[in-house]
Amino acid sequence: MPLVQSIDGVYSLYQNRQGSQGHESTVLPMTVAPRGDPPSTDPVDAPAQGACRQGPLGWTRKPVAVAREIMSVPVVTLAASAPLVQAWMVMRSRRFRHLPIVSDFKTLVGMISDVDLLHAWHGTEGRVLPPFPLVREVMAREVITATPDTPGQEIIEVMLHEHIGAVPILDDRHHPVGILTTTDILRALLNRAPLGLGT
C-alpha cells in the first residue's frame with residue numbers, strides 16, 4: 001500500500017500493524033495534481049471532483065481511483081506552535097473533526113482531532129498540561145498519510161484497519177495538499193462513484 005507514516009515529522013513506510021507476512025507496503029512517488037488541471041477551490045464541489053461525468057444519456061458512473069479525485073481541497077492546517085484554544089476555535093467554526101498540524105516550514109508534523117481536544121480539556125489521558133497549552137503538546141505525532149496518486153481503495157482499507165477518520169494527502173515535500181475523510185468517501189459514494197472497490 002503506497003501510504004506513508006509520519007512519527008514526529010520523520011517519514012517511513014506504513015506497515016500493517018498486525019505483522020502478517022506478505023503485507024509490507026511500497027511507496028509510490030509523491031506527486032501533485034498536474035498544473036494544467038488545478039483542483040477546484042469550491043469547498044462543496046471540490047471533494048467530489050471526478051466522481052461522475054455527463055454522457056449523451058445523462059450522468060454516468062466514473063470510477064474514482066486515486067485520492068486527488070475525492071479529497072477535500074484546499075486543506076486547512078494549523079501551526080504546531082499555535083495555542084490549543086485556536087485549534088478548538090477553527091474546528092468548531094469550520095465543523096472539522098480533524099486538523100493537520102504543520103511546522104514553520106509547512107511540513108506535516110502531526111494531527112489533532114476532536115477526541116484529542118476532549119481528552120486535553122478533561123484530562124482523561126492522565127496528562128498534566130500547562131495553563132495555556134500549545135497544539136504540539138496535544139497533537140498526535142504518529143500520522144498515516146497518502147499521496148494524491150494513492151488508490152482510494154488502499155486508503156479506505158487502512159482507515160478501517162487503523163480506526164482513523166482522516167488521512168492527510170501530501171506532496172513530495174511533505175506539504176499537505178488535501179485531506180481525505182470519511183465524509184469525503186461518503187460524498188463520493190453519494191455521487192454514485194464506485195471508488196474502484198474490489199478491482
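The text that follows walks through the structure, step by step, so that each part is easy to find. (Residues numbered from 1 in each chain as written. Predicted model: local features only at pLDDT ≥ 70, side-chain atom pairs only at ≥ 80, totals over all residues. Heavy atoms only, no water.)

Examining the sheet that holds strand E7 (residues 108–113)
Moving on, step 1. Pairing is mixed across the open sheet formed by three strands, whose spatial order is E5-E6-E7. Every other strand in the sheet has two partners, leaving strand E5 (78–79) and E7 as the edge strands with one partner each.
Moving on, step 2. Inspection of the sheet shows strand E6 (residues 98–102) paired to E7 by five bridges, in the antiparallel sense. Note on E7: the bridge partner recorded for Pro100 is Met111. (Pairing = 2+ DSSP bridges. Helix = DSSP H or I, 4+ residues; strand = E, 2+ residues; numbered from the N terminus.)

A short note on the layout of surface pockets
Moving on, step 1. Approximately 970 Å³ is the volume found for the largest pocket.
Moving on, step 2. Considering the residues around the largest pocket, the lining is formed by 37 residues, among which Arg97, His98, Ala166, Ile179 and Thr181 are closest to the centre.
Moving on, step 3. Listing elements by their share of the lining of the largest pocket, those giving two or more residues are E6, E7, helix H2 (114–122), strand E8 (142–146), strand E9 (166–170), strand E10 (176–181) and helix H4 (182–190).
Moving on, step 4. Among the elements that take part in the lining of the largest pocket, H4 stands out by supplying four residues, more than any other.
Moving on, step 5. Its residues placed into classes, the lining of the largest pocket shows 19 nonpolar, eight polar and 10 charged. (1 Å grid on protein atoms, 1.4 Å probe; cavity = no way out; pocket = protein on both sides within 12 Å on 5 of 7 lines; lining within 4 Å. Points joined across faces, edges and corners; volume = space filled by probe spheres on them. Nonpolar A, V, L, I, M, F, W, Y, C, P; charged D, E, K, R; others polar.)

Details of the environment of Gln86
Moving on, step 1. Among the structural elements, Gln86 can be located in helix H1 (residues 84–94).
Moving on, step 2. With a relative accessible area of 34%, Gln86 lands in the partly exposed category.
Moving on, step 3. For the pair formed by Gln86 and Leu134, sequence separation is 48 residues and the distance between their alpha carbons is 9.0 Å. (Buried < 20%, exposed > 50% of the residue type's maximum accessible area, 1.4 Å probe, protein only.)

What to know about the nonpolar core
Moving on, step 1. Membership of the largest hydrophobic core comes to 17 residues, with the highest contact counts inside it found for Leu3, Ala146, Ile155, Val167, Ile169 and Leu180.
Moving on, step 2. Of all the secondary-structure elements, those providing two or more residues to this core are E8, helix H3 (152–162), E9 and H4.
Moving on, step 3. Of the residues forming this core, the biggest block, four residues, is contributed by H3.
Moving on, step 4. In contact with Val167, not counting residues within four places along its chain, are Ile144, Thr145, Ala146, Ile155, Met159, Ile179 and Leu180.
Moving on, step 5. Among the nonpolar cores identified, the runner-up in size contains 16 residues, and Leu78, Ala80, Ala82 and Ala120 belong to it. (Core = buried A, V, L, I, M, F, W, Y, C linked by side-chain atoms within 4.5 Å. Contact = heavy atoms within 4.5 Å.)

Comments concerning the pairing of strand E2 (residues 10–13)
Moving on, step 1. Pairing geometry for strand E1 (residues 3–7) and E2, over four bridges, is antiparallel. Note on E2: the bridge partner recorded for Ile7 is Val10.
Moving on, step 2. In sequence, E1 turns back onto E2 through a hairpin of two residues, with Asp8 there showing a positive phi of about 55°.

Concerning H3
Moving on, step 1. Considered for burial, the residues of H3 that qualify are Gly152, Ile155, Ile156, Val158, Met159 and Glu162. The buried side chains of H3 occupy one side of the element, clustering within an arc of 165° when seen end-on.
Moving on, step 2. Packing partners of the buried residues in H3 comprise E1, E8, E9, E10 and H4.
Moving on, step 3. Directly after H3, the chain includes His163, whose backbone phi takes a positive value near 60°. (Arc of directions from axis to C-beta.)

Considering the pairing of E9
Moving on, step 1. Of all five residues in E9, five are buried; the element is thus mostly enclosed.
Moving on, step 2. The two faces of E9 match: Ala166, Pro168 and Leu170 on one face and Val167 and Ile169 on the other face are all buried.
Moving on, step 3. As paired elements, E9 and E10 share five bridges and run antiparallel to each other. Counted as the bridge partner of Leu170 is Pro176 from E10.
Moving on, step 4. In textbook terms, the turn of a hairpin is the stretch between consecutive antiparallel strands, and for E9 and E10 this stretch comprises five residues, one of which, His174, has a positive phi near 65°.

Such coordinate-based values are descriptive only and should not be taken to indicate function.
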